[in-house]
Amino acid sequence: MTNQALHEIDQKHYLPTFKRYPIALDHGKGSRVWDVEGKEYIDLLAGIAVSNIGHAHPTLVNAIEEQAAKLIHISNFYVSEPQMKLVEKLAQLSGLERAFMANSGAEAAEGAIKIARKYGHKAGRGGTIIAMKNAFHGRTLATVAATGKEAMMNGFDPIPSGFKHVPFNDIEALKEAITDDVGGIMLEPIQGEGGINPADSDYLRQVRAICDKKNIALIFDEIQCGIGRTGTMFAFEHYGIKPDIMTLAKGLGGGVPVGAVLAREKVAQAIDWGDHGTTFGGNPLACAAALAVLEVIESENLLQKATESGAWLKGKINALRSELPEIELIRGAGLMLGIQVSMDPKAIVGTMLKKGVLANATAGNIVRLVPPLNIDRESLEEALEIFIESIKENRK
Ligand SMILES: *Cc1c(COP(=O)(O)O)cnc(C)c1O
């Protein structure tokens, strides 16, 4: 079928909630994808920071094929080797002893909120969660409330209560918001949808200290910034502190839907038998995929690759600023980068698409680059040329 024909079906039968680019993607390999008409694209989006090891990686494909032929699903009445190996691995990597496997980011965030609330009540504080302005935690009702963005809540009330929002990186505002009923503080160490805003080191260390002092559960949403994205397995490693609860999803399954909530033993103990559950979450197929992704990140040194490629890109973009005054700055870590421009980033992204590069625009005039961690240098060079041309062609 053609791009056009598939879009006609989208217009007619899909819930009208997405405004999609006029192509239909068919297959991929590494950092490249092809549409149904055979046009090739360099993928700087990776399905929104999901395909961290690239498309059709043989280790991942084999793991999925083998597991699918063996056992896809069993319910959480039983354990499986992939699920047990995965939770053990996640505990080793993160230092957070307990895991609960979910199917998506929002579902992991819901789980994190529930654990923090239960912990808050048991600690004699309460279930109020402080979250950050410009955050993004998902599209279910509680995670929309945690996100706190008016445009996402409008028309959907009653919205779950018990969330307060403070400006990100503002320690005084946070201190002021901490009343006796606050049981959790939730934040992204590097805000993704909010425009690739990293937390300040000093700020995050102070937040940790406050949570320790007051016995408040600190939740890091690493759904986008985790799984090697920033050049460390988890973004919190850049800061020398650890959360009490952490959510993962996007990059974890390499595209197979899977999410996780991890928690310190002490906080996890707030959960009693029957407090939470899921049918699909952590099924053998999803866990086999996640194990393969973690194995590839380690065996192919993708943390180092992401660090090097990110530093190279930052250097290139910074050097371009004299020639292209539209580029205001580049921020982020590893391969989670945002280029702030003084023009409409959507126009740039639209032209890039026509010229064969996938990227996206996010809040605050940001062109977001979150390519596979193993993207090759030639692809980055080619994409950068197209980015430059796209800025020039959209100059007023
Ligand atoms: C994408 C994202 C979510 C939501 O994940 P879904 O899988 O879309 O539900 C939550 N938090 C952050 C930081 C995200 O980037």
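Refer to the structure above for everything that follows.
K.L.:
Any chance you could break down the site of the ligand for me, citing the residues and the numbers?
P.N.:
Taken together, S104, G105, A106, F136, H137, G138, E188, D221, I223, Q224 and K250 make up all the residues around the ligand. Residue D221 places a side-chain N or O atom 2.7 Å away from a nitrogen atom belonging to the ligand. At a separation of 2.6 Å, an oxygen atom of the ligand approaches a polar side-chain atom of K250. Protein contact buries 81% of the 380 Å² of open area that the ligand shows by itself. Here the residues of the shell around the ligand sort into three nonpolar, five polar and three charged.

K.L.:
Residues and numbers for the packing of aromatic side chains, please.
P.N.:
Enumeration according to the criterion identifies four aromatic pairs in this entry. Seen from their ring centres, Y14 and F18 are 6.0 Å apart, and the 35° between their planes marks the pair as tilted. Centre to centre, the rings of F234 and F236 are 5.7 Å apart; their planes meet at 10°, and the pair counts as stacked. Both residues of the pair, F234 and F236, belong to the buried class. For the cation-ring pair, R20 lies above Y14, with the distance from its terminal atom to the ring centre recorded as 4.3 Å.

K.L.:
Could you give me a rundown of the layout of surface pockets, with the residues and numbers involved?
P.N.:
Empty space within the second largest pocket amounts to approximately 890 Å³. Lining the second largest pocket are 28 residues, and of these R98, A99, F100, I271 and H276 sit closest to its centre. Residue assignment for the lining of the second largest pocket shows that the elements contributing at least two residues are α4 (81-94), β4 (98-102), α5 (105-122) and β12 (259-263). Among the elements that take part in the lining of the second largest pocket, β4 stands out by supplying four residues, more than any other. Of the residues assigned to the lining of the second largest pocket, the class counts are 14 nonpolar, nine polar and five charged.

K.L.:
Any chance you could break down helix α13 (residues 345-354) for me, citing the residues and the numbers?
P.N.:
Within the span of α13, buried status applies to P345, I348, V349, T351, M352 and L353. Looking at the buried residues of α13, the elements they touch are β3 (40-43), β14 (336-341), β15 (357-358), β16 (360-362), β17 (366-369) and α14 (377-393). The backbone nitrogen of K346 has a side-chain oxygen 3.0 Å away, supplied by the residue at the start of α13, namely D344. G356 sits one or two positions beyond α13 and adopts a positive phi of about 95°.

K.L.:
An account of the sheet that holds β16 is needed here, citing residue identities and associated values.
P.N.:
If you trace the four strands from one edge of the open sheet to the other, you get β13-β14-β17-β16, paired in antiparallel fashion. The two strands at the open ends of the sheet, each matched to only one other strand, are β13 (327-333) and β16. In this sheet, adjacent strand axes meet at a mean angle of 30° when their direction is disregarded. Across the face of the sheet, helix α12 (residues 302-320) comes into contact with β13, β14 and β17 while running at roughly 170° to β13.

K.L.:
For a negative patch on the surface, give the residues involved together with the corresponding values.
P.N.:
A cluster of like negative charges, contributed by D376, E378, E381 and E385, occupies part of the molecular surface. Mapped onto the secondary structure, D376 falls in the loop between β17 and α14.

K.L.:
Can you break down a nonpolar patch on the surface residue by residue, with the values?
P.N.:
On the surface, Y14, L15 and F18 cluster together to form a nonpolar patch covering roughly 360 Å² of accessible area. Mapped onto the secondary structure, Y14 falls in the loop between α1 (3-13) and β1 (25-29). Note on Y14: relative accessible area 44%, which makes it partly exposed.

K.L.:
Can you explain the packing of α4 against helix α11 (residues 284-299)? Please cite residues and give values.
P.N.:
For the pair α4 and α11, interaxial distance at closest approach is 8 Å and the crossing angle is 40°. If you check the angle between α4 and α11, you find them oblique. When the axes of α4 and α11 are compared, the crossing they make is left-handed. Contacts between α4 and α11 pair P82, Q83, K85, L86, K89, L90 and L93 from the former with P284, C287, A288, A290, L291, L294 and E298 from the latter.

K.L.:
Summarise the sheet that holds β1; cite the residues concerned and give the values.
P.N.:
Paired through backbone hydrogen bonds, the strands of a sheet run either parallel or antiparallel to each other. Strands sit in the order β1-β2-β3-β15 across an open sheet of four strands; the sheet is mixed. Edge strands, defined here as strands with exactly one partner in the open sheet, are β1 and β15. Where β1 meets strand β2 (residues 32-35), four bridges bridge the pair, whose relative direction is antiparallel. Bridge assignment links L25 to a residue of β2, and that residue is D35.

Scoring rules and cut-offs
Residues numbered from 1 in each chain as written. Predicted model: local features only at pLDDT ≥ 70, side-chain atom pairs only at ≥ 80, totals over all residues. Heavy atoms only, no water. Near = heavy atom within 4 Å. Polar contact = N/O pair within 3.5 Å; in protein donor to acceptor, adjacent residues only side chain to side chain. Areas by Shrake-Rupley, 256 points an atom, 1.4 Å probe, with all protein chains shown as cover. Nonpolar A, V, L, I, M, F, W, Y, C, P; charged D, E, K, R; others polar. Phe/Tyr/Trp six-rings, centres within 6.5 Å; stacked < 30°, edge-to-face > 60°. Buried < 20%, exposed > 50% of the residue type's maximum accessible area, 1.4 Å probe, protein only. Lys NZ or Arg CZ within 6 Å of the ring centre and 35° of its normal. 1 Å grid on protein atoms, 1.4 Å probe; cavity = no way out; pocket = protein on both sides within 12 Å on 5 of 7 lines; lining within 4 Å. Points joined across faces, edges and corners; volume = space filled by probe spheres on them. Helix = DSSP H or I, 4+ residues; strand = E, 2+ residues; numbered from the N terminus. Contact = heavy atoms within 4.5 Å. Pairing = 2+ DSSP bridges. Axes fitted to C-alpha atoms, helices over the stretch in contact; angles between N-to-C directions. Patch = residues over 30% accessible without salt bridge, like charges linked within 9 Å, V, L, I, M, F, W, Y side chains within 5 Å. Salt bridge = Lys/Arg side-chain N within 4 Å of Asp/Glu carboxyl O. Lys, Arg positive; Asp, Glu negative; His and termini not counted. Charge placed at Lys NZ, Arg CZ, Asp CG, Glu CD. Parallel < 35°, antiparallel > 145°, perpendicular 65-115°, else oblique. Left-handed = near helix turned anticlockwise from the far one by under 90°.

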